[in-house]
Amino acid sequence: MKDKETLTRFLLEQIQTIAPDSDTESLDPDEDMRDELDLDSMDFLRLLESISKQLNVNIPEVDYNKITTLNNMVSYISERTI
């Protein structure tokens, strides 16, 4: 999924699935989404697992801190998908 706009919409939908009370419309894409959306570590892990499975992209644990903002996550995933 190279189209960043489509990928962004997909990620926001995944966040809503994992944490339905999250206000993704007010999310600053450059801020830590865990803080902005009040995602606990389990929510964040479930989000990454869901993304990894649905997009068939490997996200090693060592990279988790690189993708805490929406923009970073979009860039990271778009570089690793076909």
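Here the residue index of a chain counts from 1 through its sequence in written order. With pLDDT at 70 or above as the cut-off, local features in this predicted model cover only qualifying residues; side-chain atom pairs require 80 or more to be listed or tallied, and sums for whole chains, interfaces and linings still use all residues. To obtain the side-chain values, all non-hydrogen atoms of the structure were used and water was disregarded.

Undergrad: Hey, could you run me through helix α1 (residues 4–18) in this one?
TA: Quick reminder: α-helices carry 3.6 residues per turn. Residues three or four places apart thus point the same way. A helix here means a DSSP run of H or I that spans at least four residues, while a strand means a run of E at least two residues long, and both kinds are numbered starting from the N terminus. Any helix carries an expected span of 1.5 Å times its number of residues minus one. Compared with an ideal rise of 1.5 Å per residue, which puts 15 residues at 21 Å, α1 spans 21 Å between its outermost C-alpha atoms and is within 8% of the ideal. Relative accessibility under 20% of the residue-type maximum defines a buried residue, over 50% an exposed one, and the middle range a partly exposed one, all with a 1.4 Å probe and only protein chains included. Within α1, burial applies to Leu7, Phe10, Leu11, Gln14, Ile15 and Ile18. Taken end-on, α1 shows its buried residues confined to a sector of 140°, consistent with a single buried face. Opposite the buried face of α1, by more than 90 degrees, sit the exposed residues Glu5 and Glu13. Contacts: residue pairs with any heavy atoms within 4.5 Å of one another. For α1, the secondary structure elements touched by its buried residues are α2 (33–36), α3 (41–55) and α4 (70–80). Arc definition: it is the arc formed by the directions from the helix axis to the C-beta atoms.

Undergrad: I would appreciate a short explanation of the pattern of salt bridges in the present structure.
TA: Proximity of charged atoms lets side chains of opposite charge pair with each other. Here a salt bridge means any side-chain nitrogen of Lys or Arg lying within 4 Å of a carboxyl oxygen belonging to Asp or Glu. Under the definition given, this model contains five salt bridges. Between arginine 46 and aspartate 43 there is a salt bridge, with the nearest N and O atoms lying 3.0 Å from each other. A residue pair is termed a helical-turn pair when its members lie 3 or 4 positions apart in one helix, as arginine 46 and aspartate 43 do in helix α3 at three residues. For arginine 46, a relative accessible area of 36% translates into the label partly exposed. Residue aspartate 63 pairs with lysine 66 through a salt bridge whose shortest N-O separation is 3.0 Å.

Undergrad: Is there a simple way to explain the packing of α1 against α4 in this structure?
TA: When two helices pack together, their arrangement is given by the angle between the helix axes and the distance between those axes. Only C-alpha atoms enter the line fits that serve as axes; for helices the fit covers just the stretch in contact. Angles between N-to-C directions range over 0 to 180 degrees. Look at α1 against α4: their axes get within 10 Å of each other, and the N-to-C directions meet at 120°. In terms of orientation, α1 lies oblique with respect to α4. Remark: the crossing between α1 and α4 carries right-handed chirality. In this structure, α1 contributes Lys4, Leu7, Thr8, Leu11 and Leu12 to the contact, and α4 contributes Leu70, Met73, Val74, Ser75, Ile77 and Ser78. Of the residues belonging to the contact of α1 with α4, the class tally is seven nonpolar, three polar and one charged. By definition in this entry, angles of less than 35 degrees are roughly parallel, angles greater than 145 are roughly antiparallel, angles of 65 to 115 are roughly perpendicular, and the rest are oblique. Less than a right angle of anticlockwise turn of the near helix away from the far helix marks a crossing as left-handed, whereas a clockwise turn marks it as right-handed. Polarity classes work like this: nonpolar for Ala, Val, Leu, Ile, Met, Phe, Trp, Tyr, Cys and Pro, charged for Asp, Glu, Lys and Arg, and polar for all others, with Gly in that last group.

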